[in-house]
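One-letter residues, chain by chain:
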Amino acid sequence: MSTRYAVVDLETTGPKVKEGDRIIQIGAVFLEEGKRVEEYATNVNPLQPLSEHVSTLTGIQDEDLAGAPLFEELAEVLWQKLQGCVFVAHNLQFDYNFLSHSFEAVGLPPLNLRGIDTVELVRLFYPQAKSYRLGDFCKAHGISLEHAHTAIEDAGATASLLELVHTKIAQFPESLYQQLKPFLAFLSKDCQDFVDACYAQNLSVKKKEGGYDSPFTFRKDLGNFTVYSQSTPSVSSRFSEGEKVYQNIALDSQNFFEEGQGLQVIQADSGLGKSFNVTLGALRSSCDRVVLSLPNNFLGEDWVKNRLPDLAAQLGREVKYTFLKSAKHYVNLAPMKQFIVYAKSNYSEINKQEAHFIVAVLVWLFETKTGEKSELNWGLFQSKLWDKIDQQEEAYDFSKEDFGEYDFERRPLQAAKDCELIITNHAYLNQYVDWLKQEGWVNERTAFILDECHRLPKVYQTNHQISFDISQMERYLRGQNQLLSQTLRYPFSDEHSLVFYQWESSYQKVLLLLDALTDDLEKLLDRAEADKEGERVVYCSYEQMTLSAHWLDLVDFWQEFCRLIWLSKDVFKAFRPQIEEKKSRWTQWEKNLSLGQRLVSQLEDLVTLDDHYFFVVKQESLISEAGGHLLLMGILTNPREQLGQWLRRLGHRVALVSATPAEGMSVEQLESYYGITGLKAVTYPSYYDYDRQIRAVVLKDQPSLPEVDEEEASQLVCRVLTFLHEHQKGPIQVFFQ
């Protein structure tokens, strides 16, 4: 017998049925064997006036309901229609409970039906969806929903959504389905049955597709990094009066990169297409490769999506590119694999949240071409489970793991060998340019374009700042000692006993050295007066610090702490069977080992600094969010000079592009700003009449609209528009981002 689904949506006077809210509209679509066999739609008279909010949201007015039947007049017919069905809704708990309570209120039995929540399904099987709200999801996936918050329209859209999920699951390869199967048990029983039925429907045509490396199934075609040219250029036509300026920037840049004239600042107003046309000129030149560095990855994404096709159109050919980002942007498959393997073998230890996370990530890995976590829905992207997974790096040896072409971090790097355009961000380029040179991916014939270059000094300073939190070290040591005490409650051999006693000896020595170091630094801070926020800061030159007893204490502490971390890993290996018996203990060990390794790296960075740095000892306020942390920091003494040296290392084809710092700055000022001599500057005239520009109003100290609910956002917009209407003449345009 085929399953009959009742896809239901309600519109109500409010969300709280037990406090007197009532149904005002019902929509239901009935499905059998993938076909819509019946619809049910009606208004309902709630015998109470609608709020302005409900009328605005649904479009329903009091007069529309005046002649509608009461709920008790239609309840029995609807109750009978629902019997034997699987109840489906987008946010099942609300519609099911509201309707069931309404039936009880008129003397009918409460609902006792199986149920499927389509929100749960799309969260699992559409992990890249930007939003799971019905209207947003339908718009993004081509489902018709012209009149949202109309019950029958919403029910119809939800039915289409259910069919969409059905089709997708039916096309899963066998390997993916088998990988998902253990974790689907954490869905409701009815959702499990639905997923199994979807997959079984087309079982006879199942084939393994794409790459397979248990527990992952990857897509077969990862694509390439080529953008093909469009038939019609779109950039130059945006400002016809500026076409000559465009051409001049592109032609001048082409000549500059051909000749390898050194470093040049390009000054021009915003909106003239500086970075676009400088890049166009560089690609037209004979340079081996072009590196375009942007302030952040958001601008890089905009370039890939919106500007590269225009660039290809202007060149009249395809453009081969790659986009380089740091490792944190990509899924790390080795610890992810370990996390899933552990979850399968310790099934009783995982929870629903972790199981749902694994299902969503496995589905995403089957679909993604890039492995970039930013593709994921914001909630999944922000999950704390990513940190938990990455912490396994220090607990396990993943050096032998090789995922070949599915090593997503390496793919863009490998592509760089054959690409003519490398897009990246300032922080990445600053950190890895020497490595890129060693790999042969950039050389003397490479053109570098640094867009919004006024941000470079700050980026360089931040990139090279070292910070070690002594208070965090104290917490780490306390936590590690507690973990050892818990572990030692289990029986262990003489060999294990030796490992532990070595650790205990090192631990006690580290505590003594840490106390000595802390006392030294606090004595330094005694010389400083607290500011109005309660912070104390002492600055020491490289010579002052390295010739003092404080430095010897720091080096001794670092060396012994390195030994302690090494011994901690030995303890973890020795007691691993006992540790893995309890999930919470295993998780805490991973977390502590990861934190310990980070602290070792921070200490190593500090003790290996050279005389380009000075040291800062800082005691943060006890009432601050940091909670009175004691920090030891290394900061560049002359970051602009160091920046200038780094810019020189880039070569003789470097263009610094930005309107902001150049305005009103002489060549001498520019040289001082970037810490470099022999800088050239080119200025392009503006064709804008600034007296005729539209006045812009930018809101400050106001909440971001996504951070508040719809009602608060609407009220904020209304307050702003009312203020502007009262204080300025003419039309008002509002831009949302």
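Use the structure listed above.
Please read these numbers as outputs of a predicted model, since none were measured by experiment. (Residues numbered from 1 in each chain as written. Predicted model: local features only at pLDDT ≥ 70, side-chain atom pairs only at ≥ 80, totals over all residues. Heavy atoms only, no water.)

Q: Quick question: what am I supposed to make of the side chain of Thr446 here?
A: Inspection of the secondary structure assignment puts Thr446 in strand S13 (residues 446-451). Accessibility expressed as a relative area gives 1% for Thr446, which makes it buried. Looking at Thr446, its side chain comes within polar contact range of the main-chain nitrogen of Asn443, at 2.8 Å. If near-sequence neighbours (up to four positions away) are discounted, Thr446 is found in contact with Arg289, Val291 and Arg653. (Helix = DSSP H or I, 4+ residues; strand = E, 2+ residues; numbered from the N terminus. Buried < 20%, exposed > 50% of the residue type's maximum accessible area, 1.4 Å probe, protein only. Polar contact = N/O pair within 3.5 Å; in protein donor to acceptor, adjacent residues only side chain to side chain. Contact = heavy atoms within 4.5 Å.)

Q: When you look at the pattern of salt bridges in this model, what are you seeing that I'm missing?
A: Pairing between side chains becomes possible if they bear opposite charge and their charged atoms approach one another. Taken as a whole and judged by the stated rule, the model has 19 salt bridges. Linking Glu354 and Lys388 is a salt bridge whose minimum nitrogen-to-oxygen distance equals 2.6 Å. Taken together, the residues Glu354 in helix H14 (residues 352-367) and Lys388 in helix H16 (residues 385-390) connect sequence positions 34 residues apart. Note on accessibility: Glu354 and Lys388 belong to one class, buried. Each of Arg4, Glu32, Glu38 and Lys81 takes part in a single network of salt bridges with overlapping partners. (Salt bridge = Lys/Arg side-chain N within 4 Å of Asp/Glu carboxyl O.)

Q: Looking at this structure, I do not really get unusual backbone geometry. What am I missing?
A: Excluding glycine, a negative phi dihedral is what most residues carry, and trans is how most peptide bonds are arranged. Of note in the backbone geometry, Asn91 takes a positive phi value of approximately 90° without being a glycine. Assignment of secondary structure puts Asn91 in the loop between strand S4 (86-89) and helix H4 (92-105).

Q: Even after reading the chapter, I still don't get the packing of aromatic side chains, so can you show me in this structure?
A: Two aromatic rings are characterised by how far apart their centres lie and by the angle between their planes. According to the stated counting rule, one finds 28 aromatic pairs in the structure shown. Here Phe357 and Trp386 contribute two aromatic rings whose centre-to-centre distance is 5.1 Å and whose plane-to-plane angle is 75°, an arrangement assigned as edge-to-face. With Phe357 in helix H14 and Trp386 in helix H16, this residue pair connects regions lying 29 residues apart in the sequence. Overall, Phe357 belongs to the buried group, its relative accessible area being 4%. Taken together, a centroid distance of 4.9 Å and an interplanar angle of 80° make the contact between Tyr673 and Tyr674 edge-to-face. Judged by relative accessible area, Tyr674 falls into the buried class, the value being 0%. Counting every residue linked through ring pairs, the aromatic cluster contains Phe216, Phe218, Phe403, Tyr406 and Phe408. Just above the ring of Phe323 sits the side chain of Lys325; from NZ or CZ to the centre is 4.5 Å. Sitting over the ring of Tyr673, Arg640 keeps its end group 4.7 Å from the ring centre. (Phe/Tyr/Trp six-rings, centres within 6.5 Å; stacked < 30°, edge-to-face > 60°. Lys NZ or Arg CZ within 6 Å of the ring centre and 35° of its normal.)

Q: So what exactly am I meant to see when it comes to the layout of surface pockets here?
A: In this approach, a probe sized like a water molecule rolls over the atoms, and the result shows the empty space that is left. In this structure, the second largest pocket occupies an estimated 1300 Å³ of space. Lining the second largest pocket are 33 residues, with His53, Leu57, Arg133, His149 and Glu710 positioned closest to its centre. Those elements that place two or more of their residues in the lining of the second largest pocket are strand S1 (4-12), helix H1 (52-58), H4, helix H6 (134-140), helix H15 (378-381) and helix H28 (710-727). Split into classes, the residues belonging to the lining of the second largest pocket amount to 11 nonpolar, 12 polar and 10 charged. (1 Å grid on protein atoms, 1.4 Å probe; cavity = no way out; pocket = protein on both sides within 12 Å on 5 of 7 lines; lining within 4 Å. Points joined across faces, edges and corners; volume = space filled by probe spheres on them. Nonpolar A, V, L, I, M, F, W, Y, C, P; charged D, E, K, R; others polar.)

Q: Teacher, can you tell me more about the sheet that holds strand S16 (residues 613-619) here?
A: Through backbone hydrogen bonds, the strands of a sheet pair up, either in parallel or in antiparallel fashion. Pairing in this open sheet of 4 strands is antiparallel, and the strands run S14-S17-S16-S15 from one edge to the other. Each edge of the sheet is formed by a strand with only one pairing partner; in this case those strands are strand S14 (466-469) and strand S15 (536-540). Ignoring which end each strand starts from, the neighbouring axes of this sheet average 15° apart. Taken together, the 4 bridges between S14 and strand S17 (residues 630-636) define a ladder with antiparallel strand orientation. By the bridge assignment for S17, Asp469 is matched with Leu631. Sheet strands touched by helix H20 (residues 470-487): S14 and S17. Its angle to S14, the strand with the most contacts, is close to 45°. (Pairing = 2+ DSSP bridges. Axes fitted to C-alpha atoms, helices over the stretch in contact; angles between N-to-C directions.)

Q: I would appreciate a short explanation of the pairing of strand S12 (residues 421-425) in the present structure.
A: Moving residue by residue along a regular strand, the side chains alternate between the two faces of the sheet. Taking burial as the measure, the 5 residues of S12 include 5 buried ones, the bulk of the element. Here S12 shows no split at all, with Leu421, Ile423 and Asn425 on one side and Ile422 and Thr424 on the other all buried. Pairing between strand S10 (residues 289-294) and S12: 5 bridges, direction parallel. Directly across from Val291, in S12, lies its bridge partner Ile422.

Q: Which parts of the structure should I look at to understand the packing of helix H8 (residues 174-184) against helix H13 (residues 333-345)?
A: How two helices pack is summed up by the angle between their axes together with the distance between the axes. Where H8 contacts H13, the axes come no closer than 10 Å and their chain directions differ by 55°. Between H8 and H13, the crossing angle belongs to the class labelled oblique. The handedness of the crossing between H8 and H13 comes out as left-handed. For the pair formed by H8 and H13, the contact residues are Gln179, Pro182 and Phe183 on the first element and Ile340, Ala343 and Lys344 on the second. Broken down by class, the residue content of the contact of H8 with H13 amounts to 4 nonpolar, 1 polar and 1 charged. (Parallel < 35°, antiparallel > 145°, perpendicular 65-115°, else oblique. Left-handed = near helix turned anticlockwise from the far one by under 90°.)

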